[in-house]
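Fold and geometry: a report
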Amino acid sequence: MKISLYSKFVFYTIGAFVISFFLAFLLVNTFYHQYLKEKNDAKNITIAHDIAAYIEMHPDTDVSDYLSSIADTGYKIYLTDGKGQADFFGKEFREENLSKKSIDQVLEGNMYHGMRDLPKETFVTGFFSDELANTAGVPLLIDDENYALFIRPDIKFLFQEVHYILGGIFVGMAIISIIFMLFVARNLIRPLSQLTKATKQVGEEEFAIDLPVNRVDEIGQLANSFQTMTNQLEKSDQMRKQFINDVSHDFQSPLQNIKGYAALIEEPETDEADRTYYGQIIQTETNRLSSLTKQLLLLTSLDSLTEHNEMNVVAIDRQIKTALQGVRWQIEEKNIAVSLEIDEVEIKGHEGFLEKIWENMLSNAIKYTDPGGMIDIQLSNEAEEIRFVIKDTGIGMDSETITHVFDRFYRADTARHTAIEGTGLGLAIVKEVIELHGGQISIESHPDEGTTFTITLPK
């Protein structure tokens, strides 16, 4: 018969509890008889001696009232002269079994260690035996007459039937411990059940899993590792789905250019020279689409950029002008003014990837600039590097957006410009291409004040 981990844990827990209970009881009993019993007796002898000393030092004290007040604090007191005069203070003893020999012993000036020497009680419960013999006795001198004073704590007064409570403690401890261990066992198994359920969900491509497992043991470590794996799988799945959108975006951009210039060609007021020029642009965009299909394999992962080592001498100024021609219809459509100051610059790099930089920079500037705005483009040829600066008068970015703008698939909140949409991949591509070529990119932007991107590439 197959026994579950839960059943095994319950069986071993109950067995361990029963054994430990008896061992603990024996240890407590031994400790009581070897240490606490004599110590408790000595403590009560000291208290009785202090009471007797106070009475002897204050002969005017009303002994009955004084002993009654002591009894009210939680003691049982017996006072006798051994000649028939005897008084009890506090609750009555369950059994008045103090021998005359013991009384005479105290009257003769000796101490009575009944709590230490009580012979018939074997276990620790002997401490609670409510007997007159289970007391501490000291001699007392009142008005030049010898008395014997016996005291013990009034356990019933203090704890209300302490025998039953003590038994209840043991029984309650047993029941509570068993329930607690069953609860612990259930809690131990629950994370495993949750992990089993979670693995089935992952198998069904449900990655939005949140395991409520807060533990520091092996199960907690397993749950954390599983959660990390699930998060990575979810991220990979999102990236895969987002890649489809990214490919659509890359195809859509040249198709929009073709559509826009085709519409300009169809307009009756367009002269023949412009038609020829627009046709050339359409041809360029068609060639770009053809080139884009060949690069789809590289776009499956941006990490593939770091593995591509095909470098050629690239005329950056020509690339920027070509990219600007590709979006000219968008600029005219939004009536955006463009300022262009570029030097002739050539660097060694990957031509196709470098084109992505200028296309994305221009596309973003146009996208986030309101109609009638302005875009300023500068390309300077410096001693050790080239510097490209593109500044727009668009909607700008807040600090939170700037922090994440280069993250893959990140999209800023564009609630104020609901028509602006993107894949969140363009600037991530730009940054990785720049870093591939050993360059840097920085941003200066404020909401409603425009954005300035500065790109430096080493020569």
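Procedures and definitions
Residues numbered from 1 in each chain as written. Predicted model: local features only at pLDDT ≥ 70, side-chain atom pairs only at ≥ 80, totals over all residues. Heavy atoms only, no water. Helix = DSSP H or I, 4+ residues; strand = E, 2+ residues; numbered from the N terminus. Contact = heavy atoms within 4.5 Å. Areas by Shrake-Rupley, 256 points an atom, 1.4 Å probe, with all protein chains shown as cover. Buried < 20%, exposed > 50% of the residue type's maximum accessible area, 1.4 Å probe, protein only. Arc of directions from axis to C-beta. pLDDT = per-residue confidence, 0-100. Salt bridge = Lys/Arg side-chain N within 4 Å of Asp/Glu carboxyl O. Pairing = 2+ DSSP bridges. Phe/Tyr/Trp six-rings, centres within 6.5 Å; stacked < 30°, edge-to-face > 60°. Lys NZ or Arg CZ within 6 Å of the ring centre and 35° of its normal.

1. Looking at the overall build of the protein
Tallying secondary structure elements over the protein gives 14 helices and 12 strands in all. Within the protein, residue pairs in contact and separated by at least 24 positions form 69% of the contacts whose partners lie at least 6 positions apart. Here the protein displays about 26700 Å² of accessible surface, and carbon together with sulfur accounts for 54% of that area.

2. Thoughts on helix α3 (residues 100-107)
Those residues of α3 lying buried are S102, I103, V106 and L107. Within α3, the buried residues cover an arc of 140 degrees as seen down the axis, which keeps them to one side. Set apart from the buried face of α3 by more than 90 degrees, the exposed residues are K100 and K101. Turning to α3, the residues buried within the fold contact β1 (75-80), β3 (112-113), β4 (136-142) and β5 (145-153).

3. Details of the confidence of the model for the protein
Averaged over the protein, the pLDDT score is 80; the fraction of residues at 70 or greater is 81%. Throughout residues 414-423 the model reports pLDDT below 50, and contacts reaching past four residues in sequence, or to other chains, amount to 17 contacts.

4. Here's the deal with the pattern of salt bridges
The final tally for this structure, using the stated rule, is eight salt bridges. Across the pair K76 and D130 runs a salt bridge whose closest N-O atoms are separated by 2.7 Å. Taken together, the residues K76 in strand β1 and D130 in the loop between α4 (114-117) and β4 connect sequence positions 54 residues apart. Assigned by exposure class, K76 and D130 land together as buried. Of the charged contacts, one joins R387 and E385 as a salt bridge, the two residues approaching to 3.3 Å between their closest N and O atoms. You can call R387 partly exposed: its relative accessible area is 29%. When its relative accessible area of 25% is taken as the criterion, E385 is described as partly exposed. In this structure, a network of salt bridges that share partners links the residues E382, E385 and R387.

5. Regarding the sheet that holds β4
If you walk across this open sheet you meet the five strands as β2-β1-β5-β4-β3, and the pairing is antiparallel. Of all strands in the sheet, those bounded by a partner on one side alone are β2 (86-89) and β3. Here β4 runs beside β5; their pairing, made up of seven bridges, is antiparallel. Each bridged residue has a counterpart across the sheet, and for A136 the counterpart in β5 is I151.

6. Comments concerning the packing of aromatic side chains
According to the stated counting rule, one finds eight aromatic pairs in the structure shown. When the ring of Y78 is compared with that of F88, the centres are 4.6 Å apart and the planes differ by 35 degrees; the resulting orientation is tilted. Taken together, the positions of Y78 in strand β1 and F88 in strand β2 put the pair 10 residues apart, joining distant regions of the chain. On the numbers, 6.0 Å between centres and 35 degrees between planes, the contact of Y78 with F150 is tilted. Here the residue Y78 occupies a position in strand β1, and F150 occupies one in strand β5, the gap between them amounting to 72 residues. No difference in accessibility class separates Y78 from F150, as the two residues are buried. Three or more aromatic residues joined by ring pairs make a cluster, and in this case those are Y78, F88, F93, Y112 and F150. Taking NZ or CZ as reference, K76 lies 5.4 Å from the ring centre of F93, over its face.

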